[in-house]
Amino acid sequence: MKATDQVILTFTSRSANEGFARACAACFAAQLDPTLDEVADIKTAVSEAVTNAIVHAYPDRLGKITMRLRLFEDNTLEIQVKDSGVGIPDVVQARTPLYTTGGEERSGMGFTIMESFMDNLKVRSQPDKGTTVTMRKRIARRTGAPK
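Residues numbered from 1 in each chain as written. Predicted model: local features only at pLDDT ≥ 70, side-chain atom pairs only at ≥ 80, totals over all residues. Heavy atoms only, no water.

Asker: Please clarify how the overall build of the protein chain should be interpreted in this entry.
Answerer: Scanning the protein chain from terminus to terminus reveals four helices and five strands. Helices and strands appear in the protein chain in the N-to-C order β-α-α-β-β-α-α-β-β. Considering the protein chain as a whole, with its 147 residues, one finds that 44% of them fall into the buried category. Summarising the internal contacts of the protein chain: among those between residues at least 6 apart in sequence, 66% fall at separations of at least 24. As displayed, the protein chain has an accessible area near 8,200 Å², and 49% of this comes from carbon and sulfur atoms. (Helix = DSSP H or I, 4+ residues; strand = E, 2+ residues; numbered from the N terminus. Buried < 20%, exposed > 50% of the residue type's maximum accessible area, 1.4 Å probe, protein only. Contact = heavy atoms within 4.5 Å. Areas by Shrake-Rupley, 256 points an atom, 1.4 Å probe, with all protein chains shown as cover.)

What follows is the structure, encoded as structure tokens:
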């Protein structure tokens, strides 16, 4: 299916940019007329994906994070968060609830949270090349809403 609109943002892996990414995703998704709960789900999932990139991809340096947002004709929002950091050696293990490489202060629930708030989650990663997280959420059309 072809995207009807998209935006690509690139920002530095500073923790302050997590809020920026959340706000951008929510504003872009507004075109689909989501409910407040749907907006909250999107913002939470983006927060987890971007925080993972900030904390885990670049543990000892700043790096680049790219977020691509796309809308599709069926009212689906796709969010892709990509980094060029250290990568994940074992994606299956990393997606296990409570598994973390971030120390005691990290819950290890990032991927689980993303998966619970979005309809679809894909994680691709290669050690020393980076990680790409792709999430999709279909926003229900409201009765009487324009198509």
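Asker: Even after reading the chapter, I still don't get the nonpolar core, so can you show me in this structure?
Answerer: A general tendency of soluble globular proteins is for nonpolar side chains to be buried together. With 33 residues, the main nonpolar core has Ile 42, Val 46, Met 67, Leu 77, Ile 79, Val 133 and Met 135 as its most contacted residues. When residues of this core are traced back to their parent elements, those giving at least two are β1 (3-12), α1 (17-29), α2 (36-57), β2 (64-72), β3 (76-83), α4 (110-117), β4 (120-126) and β5 (130-138). Looking at this core element by element, the count peaks at eight residues for α2. For Val 133, the residues in contact, after removing those within four places along its chain, are Ala 49, Ile 79, Gln 80, Val 81, Phe 111, Met 114, Leu 121, Lys 122 and Val 123. (Core = buried A, V, L, I, M, F, W, Y, C linked by side-chain atoms within 4.5 Å.)

Asker: Is there a simple way to explain the sheet that holds β2 in this structure?
Answerer: Through backbone hydrogen bonds, the strands of a sheet pair up, either in parallel or in antiparallel fashion. A sheet is described by the order of its strands in space; here five strands give the open sequence β1-β2-β3-β5-β4, paired in antiparallel fashion. Every interior strand has two partners, whereas the edge strands, β1 and β4, have only one. Strand after strand, the sheet turns through a mean of 10 degrees between neighbouring axes, direction not considered. (Pairing = 2+ DSSP bridges. Axes fitted to C-alpha atoms, helices over the stretch in contact; angles between N-to-C directions.)

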